[in-house]
Amino acid sequence: LLQVLNERKLQEVDSLWKEFETPEKANKIVKLKHFEKFQDTTEALAASTALIEGKLSKNLKKILKKIVAKDAHEQLAVADAKLGGVIKDKLNLSCIHSPMVTELMRGIRSQVEGLITGLPSREMAAMCLGLAHSLSRYKLKFSPDKVDTMIIQAISLLDDLDKELNNYIMRCREWYGWHFPELGKIVTDNLAYCKCVRKVGDRSNFAASDVSDILPEETEEDVKAAAEISMGTEVSEEDINNIIHLCDQVIEISEYRTQLYDYLKNRMMAIAPNLTVMVGELVGARLIAHAGSLLNLAKHPASTVQLLGAEKALFRALKTKRDTPKFGLIYHASLVGQSNAKNKGKISRMLAAKTALTIRYDALGEDTSAEMGAENRLKVETRLRLLEERGVRRISGTGRALARADKYQNKSELKIFDPSGDSTLPTVSKKRKIQEVDEQDREVAVKAKKFKEEMK
């Protein structure tokens, strides 16, 4: 706790830093009034976290109570306005927070070693470093089984791999298509295509090669037949080698993507089992990544969970006064995909409500089972089935009378075939009248006469 000696110099905020250039100058502005050290790192960590969260720690409360008893009339300068409000409410001590206080605190931090005597610089640096490490560790709250950061990184990498894989496969098909264009139409699976190219290379080798472990028997025969009559251009061996290297890259990335997906699936079942059961591991991971963490996602209401990922469309709709979107990332969940277009909005709203419950259960509950998620999913599936079948509606009053089936009566009517429908000729005669013919002949004669005169 420091006392200000010269308050006049504090009024010049812009030039206040000059008063803290040296320890001697700093001691003319402020002096140490009270100093109390922490017993250990744990106590220092508790006090630091309380200050960060804007709370009043026990040690600080004791020190301030002593000051209230002695110097109650003086003001207390605080760096955090929230903490100042807490001190004012609990201890009835007037606090100030302004740009001047911020500059003063910055100057004190720069010359803290000169203001607090008896502390070697090495020990001070070691203590600061130790407290910084402890504070960072506390903020992370590290637990290997409950780290949603891994999920965020894994889903982001999975999306990046999909983009790169699509680019590589497209380039591979286009490149090898100059040599053997027919193969792209016969083999539609991208991975099988790359494996075939890597195994065979030049199209002339297809006849002698056995690709039965990659392609079905019928497809293999079609490929061999097409290779003999291919319209592709001839390429050098070096070109083929480069294409094979590209195929190796595609196959390796595909295998790693499968491995990464399995890892993400296991991690999601460990951290958010109920969310995974409700919407699937991919949609669940994207929701967590979009919110920043599982705890942040748990703070969102169901309406926000429903529209996560569709923020642009939402604000565009609000700006243009049009219909707002009904779903965001949750649209890719299997339950929404199963419903028809008419019921997608209703199902996404119900699914978001149940998903919000499961997220909170996963984030804040201690139970790691997925029973709650399974129960809620069953409720949504039942509701979906009722909507698809339009439910069993109770009929009362006049509706019941209308719903009764009438007695069946066989009413046979004798219908006669109408032959006029068979004719495709128009009913109106196309014969021209004599007058029309005469008029046309006159017009032709006049035009011929004019043409002759122009020629002369």
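Scroll up a little and you will see the structure.
Reading the values: the criteria
Residues numbered from 1 in each chain as written. Predicted model: local features only at pLDDT ≥ 70, side-chain atom pairs only at ≥ 80, totals over all residues. Heavy atoms only, no water. Helix = DSSP H or I, 4+ residues; strand = E, 2+ residues; numbered from the N terminus. Contact = heavy atoms within 4.5 Å. Areas by Shrake-Rupley, 256 points an atom, 1.4 Å probe, with all protein chains shown as cover. Patch = residues over 30% accessible without salt bridge, like charges linked within 9 Å, V, L, I, M, F, W, Y side chains within 5 Å. Salt bridge = Lys/Arg side-chain N within 4 Å of Asp/Glu carboxyl O. Lys, Arg positive; Asp, Glu negative; His and termini not counted. Charge placed at Lys NZ, Arg CZ, Asp CG, Glu CD. Buried < 20%, exposed > 50% of the residue type's maximum accessible area, 1.4 Å probe, protein only.

Asks: I tried to follow the overall build of the chain on my own but got confused; where do I start?
Replies: In terms of regular secondary structure, the chain is built from 22 helices and four strands. Long-range pairs, those at least 24 residues apart, make up 62% of the contacts in the chain between residues at least 6 apart in sequence. Counting only carbon and sulfur atoms, one obtains 53% of the accessible surface of the chain, whose full area is about 31,800 Å².

Asks: Just to check I follow, could you spell out a positive patch on the surface for this structure?
Replies: On the surface, a cluster of positive charge is made up of Lys-326, Lys-342, Lys-346, Arg-349, Arg-383 and Arg-390. By the secondary structure assignment, Lys-346 is in helix H19 (residues 344-364).

Asks: Help me understand the pattern of salt bridges in this model?
Replies: Between side chains of opposite charge, a pair can form when the charged atoms approach closely. What the rule picks out here adds up to 10 salt bridges. For Arg-106, the salt bridge goes to Glu-103, with nearest N and O atoms at 2.6 Å. Linking Arg-106 with Glu-103, this pair stays in helix H5 (residues 99-110), spanning three residues, or about one helical turn. A relative accessible area of 44% means that Arg-106 is categorised as partly exposed. Judged by its relative accessible area of 23%, Glu-103 falls in the partly exposed class. Its salt-bridge partner being Glu-234, residue Arg-203 comes within 2.9 Å of it at the nearest N-O pair.

Asks: Explanation requested: the environment of Leu-384 in the structure shown.
Replies: Mapped onto the fold, Leu-384 is located in helix H20 (residues 371-389). Each C-alpha atom of the pair Leu-384 and Val-336 lies 9.1 Å from the other, and the pair is 48 residues apart in sequence. Those residues in contact with Leu-384 that lie beyond four places of it in its chain are Leu-335, Gln-338, Ser-339 and Ile-347.

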